[in-house]
Amino acid sequence: MDNKQQEIVSMFDRIAKSYDLTNRVLSFGSDLLWRKEACRLAYRLAGKEDIEKIVDVACGTGDMLRFWAEEAKRARIRIGELIGVDPSANMLAIARRKLPQATFIQGYAQQLPLEGGQADLVSITYGIRNVTQRLQALQEFYRILKPGGLLLILEFTKRPRTTPLDRLVEWYMKGILPKVGGLLSGNFEAYRYLPDSIDHFLTTQQLLEELERSGFTPLKTKSFAFGVSTLFIARKDG
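Everything numeric here is computed off the predicted structure, so don't read it as measured data.

Caption draft 1: Broad picture of the pairing of strand β1 (residues 50-57). Among the eight residues of β1, six are classified as buried, and the element is accordingly described as predominantly covered. With seven bridges connecting them, β1 and strand β2 (residues 78-86) associate as parallel partners. Within β2, the position partnered with I54 by the bridge is L82. Regarding the hand of the β-α-β motif, the stretch spanning β1, helix α4 (residues 63-74) and β2 is right-handed. Alignment of β1 against strand β4 (residues 119-125), held across four bridges, turns out to be parallel. Bridging from a neighbouring strand, I54 pairs with L121 of β4.

Caption draft 2: Geometry of the pairing of β2. Pairing of β2 with strand β3 (residues 103-106) involves four bridges; the strand directions are parallel. Paired with G84 across the two strands is F104, which belongs to β3. Handedness of the β2-helix α5 (residues 89-98)-β3 crossover: right-handed.

Caption draft 3: Main features of the packing of helix α1 (residues 3-15) against helix α8 (residues 188-199). Remark: α1 packs on α8, axes separated minimally by 10 Å, with the N-to-C direction vectors making an angle of 125°. Judged by the angle between their axes, α1 and α8 are oblique. Considering how the two elements wind past one another, α1 and α8 form a crossing that is left-handed. Facing I8, M11, R14 and I15 of α1, the residues of α8 in contact are E189, A190, Y191 and Y193. Here the residues of the contact of α1 with α8 sort into six nonpolar, no polar and two charged.

Caption draft 4: A look at the sheet that holds strand β6 (residues 216-224). With respect to topology, seven strands assemble into an open sheet ordered β3-β2-β1-β4-β5-β7-β6, the strand pairing being mixed. For this open sheet the edge positions go to β3 and β6, each flanked by a neighbour on one side alone. Averaged over all adjacent pairs, the angle separating strand axes in this sheet is 15°, with direction ignored. Relative to strand β5 (residues 145-155), β4 runs parallel, the two sharing six bridges. Residue pairing in the sheet places S123 in a bridge with L152 of β5. Of the strands in this sheet, β1, β2, β4, β5, β6 and β7 (229-236) are in contact with helix α3 (residues 30-46), which crosses β5 at around 160°.

Caption draft 5: Structural view of the pattern of salt bridges. For the structure on display, the rule yields 19 salt bridges. Between E155 and R129 there is a salt bridge; the shortest N-O distance is 2.8 Å. Residue E155 is found in strand β5, and its partner R129 is found in the loop between β4 and α6 (134-144); the two are separated by 26 residues along the sequence. A single burial state applies to E155 and to R129, both of which are buried.

Caption draft 6: Quick look at the side chain of R129. Note on R129: relative accessible area 10%, which makes it buried. A polar side-chain atom of R129 sits 2.8 Å from a polar atom in the side chain of E155. Within the structure, R129 has its side chain in polar contact with the side chain of S197 (distance 2.5 Å). Leaving out residues up to four positions away in the same chain, R129 has contacts with E155, F156, Y193, L194, S197, I198 and F201.

Caption draft 7: Representation of α3 within the structure. Here α3 contains 17 residues, and its C-alpha end-to-end distance of 24 Å stays within 8% of the 24 Å for a straight helix at 1.5 Å per residue. For α3, the set of buried residues is D31, W34, R35, A38, C39, L41, A42 and Y43. With its phi angle positive at about 65°, G47 sits one or two positions after the end of α3.

About the criteria used
- Residues numbered from 1 in each chain as written.
- Predicted model: local features only at pLDDT ≥ 70, side-chain atom pairs only at ≥ 80, totals over all residues.
- Heavy atoms only, no water.
- Buried < 20%, exposed > 50% of the residue type's maximum accessible area, 1.4 Å probe, protein only.
- Helix = DSSP H or I, 4+ residues; strand = E, 2+ residues; numbered from the N terminus.
- Pairing = 2+ DSSP bridges.
- Right-handed = clockwise from strand over helix to strand, strands pointing away.
- Axes fitted to C-alpha atoms, helices over the stretch in contact; angles between N-to-C directions.
- Parallel < 35°, antiparallel > 145°, perpendicular 65-115°, else oblique.
- Left-handed = near helix turned anticlockwise from the far one by under 90°.
- Contact = heavy atoms within 4.5 Å.
- Nonpolar A, V, L, I, M, F, W, Y, C, P; charged D, E, K, R; others polar.
- Salt bridge = Lys/Arg side-chain N within 4 Å of Asp/Glu carboxyl O.
- Polar contact = N/O pair within 3.5 Å; in protein donor to acceptor, adjacent residues only side chain to side chain.
- Expected span 1.5 Å × (residues − 1).

Now the structure itself:
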């Protein structure tokens, strides 16, 4: 794996213990609502009562897997296996304590240690932006999905800066978030990285185009918090 990817993984190892608390504070708890809504929409689009396998890539401390499990129970959907994949050993250690019923594997999005054509649903939430070989990762998601399987992405996409609201969001992301995140985590570098990584990421339209080039058919796109966060759900047709 390239040096930049290793540096990003090391950064997440260092902030793992404070990661959940910092996320809740910085998003005012909104990230939990976004994940819950994403799971509900994906289950609705999948239209199944029995789901054999869900894989959450860049699973971090296991938040998304928890919502996959909770929303399945609420909708009376049966899940055979929940799998989380992440390159950060420290993040996985927390995830294993939170969800002992799930299977966790240390690995990278662009080189998934999983067999092809096995997953009904693949998700990556606030992680694709941190993958240095993004197109290779999208190809891996396509590979491990069953035909007709769904890919769910939640991510901070690049925003225009044309309105007062846009400028207010930018002020928060670049002026307030790094300071608060740094104080809570003890790692100012990690939370300076967050707004910088968004600036260097894709717009919603650009990510949709990459999904299509990777063989996916986009089914649903939804913006949260005035475009701060965007949900993508796409289907593997091949």
